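Breakdown of the fold
Letter by letter, the chains look like this.
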Amino acid sequence: MIYESVCKEARAVSMASGATPMPPSEWESTLGKRRQMWLEMLGLDPLPDRAPIEATVTGELDRGDYVVEKVHFQPIPGAYVAGNIYRPAEITEPLPAVLYLCGHSKGKVNPPYQANPRWFGRHGYVALVVDPIQLGECQGLHAGTFGHNRWDWCSRGYTPAGTEVWIGMRAFDYLAERDDVDPERMGVTGLSGGGVISWCLGAADERAKCVVPVCQTGSIEHVVTDRATDGHCDCAFFINYHRWCQPDIGALIAPRPLLVAAGTEDVLWRPYAFRDVCHRIKHQYGALGVAENTDLVEDLTPHGYTPKLRKAIFEWFNYHLKGDCNPVTDDVTEYVEPEENLLVFGGTLPTDDKMKTIDELLVKEADVSEPADAAEWEAQQAATLGRLRALTFQYVANRPAPRFLENRADGATATRTEPIVGTTYGTRVFEAPDGLTLRVRTAYPTGQEWPVPTVAFALQPDAKSGFTGGGASRPSVPTGIATAGVEVRNTGVTSVGPGYLWTLRRVYPLLGQTLPERQVADLLDGIAIMRADASTGPVAVFGDGYTAPLAIYAALMDADIAEVILTDPPETRRLYEKLGAGGQFRVIDSLSDWQPAS
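In this text the structure is predicted, and so the values were computed from the model without any measurement. (Residues numbered from 1 in each chain as written. Predicted model: local features only at pLDDT ≥ 70, side-chain atom pairs only at ≥ 80, totals over all residues. Heavy atoms only, no water.)

A separate point is a nonpolar patch on the surface. Among the surface-exposed residues, I552, Y553, L556 and V564 lie close enough to one another that they form a single nonpolar patch of about 280 Å² accessible area. Top contributing element to the nonpolar patch by residue count: helix α19 (residues 547–557), with three residues. (Patch = residues over 30% accessible without salt bridge, like charges linked within 9 Å, V, L, I, M, F, W, Y side chains within 5 Å. Areas by Shrake-Rupley, 256 points an atom, 1.4 Å probe, with all protein chains shown as cover. Salt bridge = Lys/Arg side-chain N within 4 Å of Asp/Glu carboxyl O. Helix = DSSP H or I, 4+ residues; strand = E, 2+ residues; numbered from the N terminus.)

Dropping the structure here:
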């Protein structure tokens, strides 16, 4: 059920992307805003400070017709990136430069990641190849949700793609400072993980005058429907707040030269997806009058290079950065430089390297301080809620209404039979806006006058059952209070289990969502279904453990929720009292003592 709903959403995202190419006036007038949106989805809005990069060359290798420099620099102070420069031995004028970005296999020392920048260095370019984070001599973590349960990354708006893009921007800064580089002729290319960052960097930084991603092109629909997310680490994707697909990224690279290289047997990126993406991008380039500035080259090969792909790549750079339209006749050499020769730090990494905690340093923390008075608090609250509604919870705040399907009577229990005193149970079934069928498990005090004060809650993810009003997830409310247990997604009959839960949690950010954000939406939809019935009075929300944040965010999104009830809440009473609202904060020993606030 959930799989079908996310596939439907992913298809909608991909089908809308680049469906109608922008005319030049629209493309130009929206360029700045679209680039700001893109940086936002990379976690780079605002950009970090451009502090001195402290580039340091630790050694050189003289290889006759070319030289290898071993260099490190700091994209943010105290965080180190290691790389190698490949350049001609004799340079008489500033040369075009190519930033080469590695995939996730040993970094710059890996034979293919030596061979390609070496070709550039031997053919009139200054080529810089850098290690990606978590590999080679670059510390940090790129596989957070993939292998380390770093689900907080999605909530904080962090993706290692943003880190890699910032490293690429600072690499351009370094190249532009070199006397042997022409800063007006810089390009970027890379394979696999380096391919996706080529896309990302090309869209983020206009100094990339030529962009060539290799074996890393496809659609949101493809990676969600085929579960190709399972084969990708975190830096392959961005936090898709604005529900973009790759044609939108291509529209930011346009009209600069863009060549896409792909393998038709690539298990990670299928031809139906990369061909459609390139077709849509071609239309955008055509609308700008430069259809010849983008192309697709493919070969019958798995994930990786072939001579055909390399030849097309080298010719593309030669033509667009050097004005050379001659065919390329020589491929990369088979020579492999011993790994130890290319190490920048000689095998001993800096002990104080801040790249270890780059996921904490790169994302700007919320600029929120304790308000001085109620007026300042109201202004701060309005701004924060506006931001939450506009970005983090935009698909909650602007969601369509749920569709009521049926109300089922589930029987009653009684403590006295004449007249009946007890609890009447029911199930209200509704369809969420994304097509998922969900349920609200209700429990009403029998014989109570309408409308009845109601406590709504989300079922716990580990709840075995929602039987009779929500099962063990149902709070023990006093007599005379109704409850409504919403079986939010991944509870009750929509529980997905370990066979899909990991994938699902990684898929939702590609749709601009997260699993908890979707559960907040489900809770609010369940409350809306309850309110449509005359029996429902003022609604409070209850949260315990995992469901406490869901209750809090539901109350932030719905001003008509009368009260929030939490077990073991954070200490906020002092702030309530400071703002003259001490009476709004109550502490009770047991939920059975609770009564709705007057």
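Our focus in this paragraph is the pairing of strand β15 (residues 536–543). Where burial is concerned, most of β15 is hidden: seven out of the eight residues are buried. Pairing of strand β13 (residues 452–458) with β15 involves five bridges; the strand directions are parallel. Residue pairing for β15: V455 is matched across the bridge by A540. Note that β15 and strand β16 (residues 563–566) share four bridges and pair parallel. Residue pairing across strands places F542 opposite I565, the latter belonging to β16. (Buried < 20%, exposed > 50% of the residue type's maximum accessible area, 1.4 Å probe, protein only. Pairing = 2+ DSSP bridges.)

If you check helix α14 (residues 374–392), its first and last C-alpha atoms are 25 Å apart, about what 19 residues at 1.5 Å a residue would give, namely 27 Å. Among all positions of α14, only Q380, L388 and L391 are buried. One side of α14 carries all its buried residues, which in axial view fall inside an arc of 95°. The outward face of α14, more than 90 degrees from its buried face, is lined by the exposed residues A375, E378, A379 and A390. (Expected span 1.5 Å × (residues − 1). Arc of directions from axis to C-beta.)

Attention shifts here to helix α10 (residues 271–287). Helix length check: α10, at 17 residues, gives a terminal C-alpha distance of 24 Å against a target of 24 Å (1.5 Å per residue), a fit within 8%. Along α10, the residues that are buried comprise P271, A273, F274, V277, C278, R280, I281, Q284 and Y285. Of the residues flanking the end of α10, it is G289, one or two places downstream, whose phi is positive at about 80°.

Tallied over the entire structure, the rule returns 16 aromatic pairs. The interplanar angle of 85° and the centroid separation of 6.0 Å between the aromatic rings of Y80 and F345 together place this pair among those described as edge-to-face. With Y80 in the loop between β2 (66–73) and β3 (81–88) and F345 in the loop between α12 (339–342) and α13 (358–361), this pair connects stretches of sequence that are 265 residues apart. Both residues of the pair, Y80 and F345, count as buried. (Phe/Tyr/Trp six-rings, centres within 6.5 Å; stacked < 30°, edge-to-face > 60°.)

Taken in spatial order, the nine strands make up an open sheet running β1-β2-β3-β5-β4-β6-β7-β8-β9, and their pairing is mixed. The sheet is open, and its two borders are formed by β1 (56–62) and β9 (294–299), each paired with just one other strand. Between one strand axis and the next, the sheet turns through 20° on average, direction left out of account. With six bridges connecting them, strand β6 (residues 181–191) and strand β7 (residues 208–214) associate as parallel partners. By the bridge assignment, G187 is partnered in β7 with C210. (Axes fitted to C-alpha atoms, helices over the stretch in contact; angles between N-to-C directions.)

Within the largest apolar cluster, 70 residues are counted, with the highest numbers of intra-cluster contacts made by W38, L128, V165 and L175. Sequence-distant contacts of V165, defined by excluding residues within four places in its chain, comprise L42, L44, I197, C200, L201 and A204. (Core = buried A, V, L, I, M, F, W, Y, C linked by side-chain atoms within 4.5 Å. Contact = heavy atoms within 4.5 Å.)

What follows covers the environment of H232. By the secondary structure assignment, H232 is in the loop between α8 (220–225) and α9 (246–253). Linking H232 and Y425, residues 193 residues apart in sequence, is a C-alpha distance of 45 Å. Aside from chain neighbours lying at most four places away, what touches H232 is F146, Q216, F237, L268, W269 and R506.

Quick look at the packing of helix α2 (residues 24–41) against helix α7 (residues 193–204) now. Look at α2 against α7: their axes get within 9 Å of each other, and the N-to-C directions meet at 140°. With respect to α7, the element α2 is oriented oblique. Both α2 and α7 take part in a crossing whose hand is left-handed. Contacts between α2 and α7 involve R35, W38 and L39 on the former and, on the latter, C200, A203 and A204. A class-by-class count of the residues in the contact of α2 with α7 yields five nonpolar, no polar and one charged. (Parallel < 35°, antiparallel > 145°, perpendicular 65-115°, else oblique. Left-handed = near helix turned anticlockwise from the far one by under 90°. Nonpolar A, V, L, I, M, F, W, Y, C, P; charged D, E, K, R; others polar.)

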